[in-house]
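Structure at a glance
Each chain, written out:
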Amino acid sequence: MKSIMKIVIVGAGPVGCYTAQLLKKMGYQPIVLEEHLTLGKPVECAGIISSKLLDLMRPFVSEEAVINKINGFNINSAWVESFSINIPGIAVMVNREKFDANLGAGLEIYLGQRVSSIKRENGFYLLETVKGRKFEADILIGADGVNSMVRKYLLEKYAQQKGHKNQNIKLDYYFGLQYQIRLTNSEQVMTNTNTMTNISAMANTNANTNDIIQVYFNGTIPFFIWIAPENHQKLRVGVIAEEGKKVLTDFLREKGIEGKIEEVVTGKIPVGFIPTYGKQIALVGDAACQIKPLTGGGLFYGLQSARLLADCIAEGHLEQYDNNWKKMFGQEIKFGIKARKIYESLDEQKRGELFQLFKKNAHFIEQMVDYDHHSLLFREAFRRPQLLMDAGKLFRFYLEDLVKEFFA
Ligand SMILES: Cc1cc2nc3c(=O)[nH]c(=O)nc-3n(C[C@H](O)[C@H](O)[C@H](O)COP(=O)(O)OP(=O)(O)OC[C@H]3O[C@@H](n4cnc5c(N)ncnc54)[C@H](O)[C@@H]3O)c2cc1C
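**Regarding the domain arrangement of the protein**
Segmentation of the protein into domains returns domain 1 (7-42 + 96-169 + 274-316), domain 2 (61-94 + 172-273) and domain 3 (345-407). Between domain 2 and domain 3, the contact holds 19 residues from the first and 12 residues from the second. Roughly 1,300 Å² is buried in total at the junction of domain 2 and domain 3, and carbon and sulfur atoms are behind 70% of that figure. Interface area lost by domain 2 to domain 3 is led by Trp79, Val80 and Phe83, which between them contribute 41%. Counting the contacts that link domain 2 with domain 3 gives zero salt bridges. Connecting domain 2 to domain 3 are four residue pairs in polar contact (both at pLDDT 80 or more). Counting residues per element, the ones that place at least two in the side of domain 2 that touches domain 3 are β4 (66-77) and β5 (83-94).

Printed below as a string of C-alpha cells:
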C-alpha cells in the first residue's frame, strides 16, 4: 500500500534527502528531483551545526563529513573588549558536500531535473522539468530551498483560498558570502584579542584557537562576520550583509588575514513565518523558512521538521504537519524575528550597551545558551531579577515587546 502512494520531493538538499531517507525507512518509495548534477554542490553554507544535531544525524552522516570540533566563541564588537563564551563540544563544522552526499546515499534521485511547472489534476500533482520529463505525485514536498517554486505555488493557492493576495505573506531575504581561505602563513592563528599573530608567539600560552569561532558585530551589518577555522591552515570567513564583498575585503585587510581564496560561498537566507501545508502538499527546510532568524542557521529546524513531516505522512495526517512543526519551533522563529527587528533598529549606542550587558553576563550565557533554541537564554534571563533589572534599564520598551512574544 505504502509503495503505491507516489511521493515526490523537489530538492535534494540535506532536508529533502533526509525526508526521503525517513520515508524510505518507513516503507515508502519517494523520488527526489534535483536541478544540479551533483549532490551538495554548489555549497551555500558555513557548515556549523550543534553537536546535538550531528548526533541525531549519525545513522546517516559519517565521521568523514566532520571537519572540526568547536569549543566556543569569541565575541568581538566595535563597542566593548572581546570576551569568550567557552562551551566545550558545543558544535562541529561539517563538509556540506559530504554531509549532503551521505544523506542522499541509496535514494532514488533524478539529478539535473529542474522542476519548471506544477499543476494539480484529478487529485494528483503533475510536475514537469525543464528537460521535459513528467512526474506524478499523490503527495508533493517542496524541499527546494530559498527560492522554492513549490512555496510559490502553495502560497498562491493559499492566497486564493483565503481570498487575499499572497503579497500579504511577508518574507525577508538576507545575503550571505563566505570565503574559504588558505593562509599564506600557516603559522598564523587567531588570538583572543582578534588579530592574527604568529603561532610561535603563543607557544607559552597553550592557546588553541583552532576550535574557537570568532564573531564580529558592528553598527552597520544586520548579522555578524565570522571566522571559523577548519584547521590551522584554513579559515572560513563570512558575513551576512547587503554589500558582503566590500565588508569582507575591508575586514580581511583590517585583520591582516592573507591567503588564497580557495572557494567562494554565496547564498540567500529567508526569514519569515509562512503557511507550509496545502492539499497533499508541504514545505520543509529553507522552502518553509525553518531558519533561526538570529543567526541564519537552517539545518537544525529543517532536519527536525523533516522528521515531523515524515511522521505525519506515515500517520496519514499530513494536514497536521504545519501545526506540529510550529508547535516545536514556531515560537522560537517568531521570537527570533522580533529580536532581529529590534537588533536592527538599535543605534550604535544601544548596540554598545547591549554588548556590555552580554559581556557582563558571559558566564551566565556559557551556562544557559542552547545552540538551537535561542529564546531559552532570554527565558532564563527573565528569571534573574538582577539581569532583568539591568536589561530593563536599557531596553525597557523592547523587553515588553519580547515578553509579549512568549505569551502570544
Ligand atoms: C552563507 C551561508 C552560510 C550558512 N551557514 C549555515 C550554518 O553554518 N549552519 C546552518 O545550520 N545553516 C547555515 N546556512 C543555512 C543552510 O545552508 C540552509 O538552511 C540549508 O542548506 C537548508 O537546506 P535545504 O535542504 O532546506 O535547502 P538547500 O540546501 O537550499 O537545498 C535545496 C535543493 O533544492 C534544489 N532545487 C531548488 N529549486 C529546484 C527546482 N525547481 N527543481 C529541482 N531542484 C531544485 C537546489 O538545487 C538544492 O539542491 C547558511 C546559509 C548561507 C547562505
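**A few points about helix α1 (residues 14-25)**
Across its 12 residues, α1 extends 16 Å between first and last C-alpha, which sits within 8% of the 16 Å expected from 1.5 Å per residue. Taking burial as the measure, the 12 residues of α1 include 10 buried ones, the bulk of the element. Those residues of α1 that fall on the buried side of the exposure criterion are Pro14, Val15, Gly16, Cys17, Tyr18, Thr19, Ala20, Gln21, Leu22 and Leu23. Looking one or two residues past α1, Gly27 carries a phi angle of roughly 105°, positive in sign.

**Remarks on the packing of aromatic side chains**
Tallied over the full model, the rule gives 17 aromatic pairs. With a centroid separation of 6.0 Å and 65° between ring planes, the pair formed by Phe300 and Tyr301 is classed as edge-to-face. For Phe300, a relative accessible area of 5% gives the class buried. Here the aromatic cluster, defined as three or more aromatic residues joined through ring pairs, consists of Trp79, Tyr174, Phe217, Phe223, Phe224, Trp226, Phe355 and Phe358. Against the face of Tyr173 rests Lys268, its NZ or CZ located 4.6 Å from the ring centre. Geometry around Phe273 places Lys326 over its ring, the cationic atom sitting 4.8 Å from the centre.

**What to know about the site of the ligand**
Surrounding the ligand, one finds 33 residues, the nearest of these being Glu34, His36, Ala46, Ile48 and Asp286. Taking Glu44, its main chain carries an N or O atom lying 3.0 Å from an oxygen atom of the ligand. Within the side chain of Asp286, an N or O atom sits 2.7 Å from an oxygen atom of the ligand. Alone, the ligand offers 1,000 Å² of accessible surface; in the complex the protein occludes 90% of this. With three residues, strand β17 (residues 259-272) is the largest single contributor of residues to the shell around the ligand.

**So, the sheet that holds strand β8 (residues 124-129)**
Spatial strand order, β7-β8-β9: three strands in an open sheet with antiparallel pairing. Edge strands, defined here as strands with exactly one partner in the open sheet, are β7 (115-121) and β9 (134-137). Each adjacent strand pair in this sheet contributes to an overall mean axis angle of 20°, direction not counted. In this sheet, β9 lies alongside β8 in antiparallel orientation, the contact comprising four bridges. The partner of Tyr125 across the bridge, within β9, is Ala137. Packed onto the sheet, helix α4 (residues 149-162) meets β7 and β8 and runs at close to 35° relative to β7.

**Brief notes about the pattern of salt bridges**
If you walk through the whole model with that rule in mind, you get 24 salt bridges. Glu136 is paired through a salt bridge with Lys6; the nearest N and O atoms lie 3.0 Å apart. You can see Glu136 sitting in strand β9 and its partner Lys6 sitting in the segment before β1 (7-10), a full 130 residues away along the chain. Residue Arg96 is joined to Asp100 by a salt bridge in which the shortest nitrogen-to-oxygen separation is 2.9 Å. Of the two residues, Arg96 and Asp100 are both situated in helix α3 (residues 96-104); the distance of four residues between them amounts to about one turn of the helix. Neither residue differs from the other here; Arg96 and Asp100 are each classed as buried. Residues joined by salt bridges that share partners form a network here, namely Arg182, Glu230, Lys234, Arg236 and Glu262.

Cut-offs used in this document
- Residues numbered from 1 in each chain as written.
- Predicted model: local features only at pLDDT ≥ 70, side-chain atom pairs only at ≥ 80, totals over all residues.
- Heavy atoms only, no water.
- Domains from an automatic or database assignment.
- Contact = heavy atoms within 4.5 Å.
- Buried area = accessible area lost by both parts, 1.4 Å probe.
- Salt bridge = Lys/Arg side-chain N within 4 Å of Asp/Glu carboxyl O.
- Polar contact = N/O pair within 3.5 Å; in protein donor to acceptor, adjacent residues only side chain to side chain.
- Helix = DSSP H or I, 4+ residues; strand = E, 2+ residues; numbered from the N terminus.
- Expected span 1.5 Å × (residues − 1).
- Buried < 20%, exposed > 50% of the residue type's maximum accessible area, 1.4 Å probe, protein only.
- Phe/Tyr/Trp six-rings, centres within 6.5 Å; stacked < 30°, edge-to-face > 60°.
- Lys NZ or Arg CZ within 6 Å of the ring centre and 35° of its normal.
- Near = heavy atom within 4 Å.
- Areas by Shrake-Rupley, 256 points an atom, 1.4 Å probe, with all protein chains shown as cover.
- Pairing = 2+ DSSP bridges.
- Axes fitted to C-alpha atoms, helices over the stretch in contact; angles between N-to-C directions.

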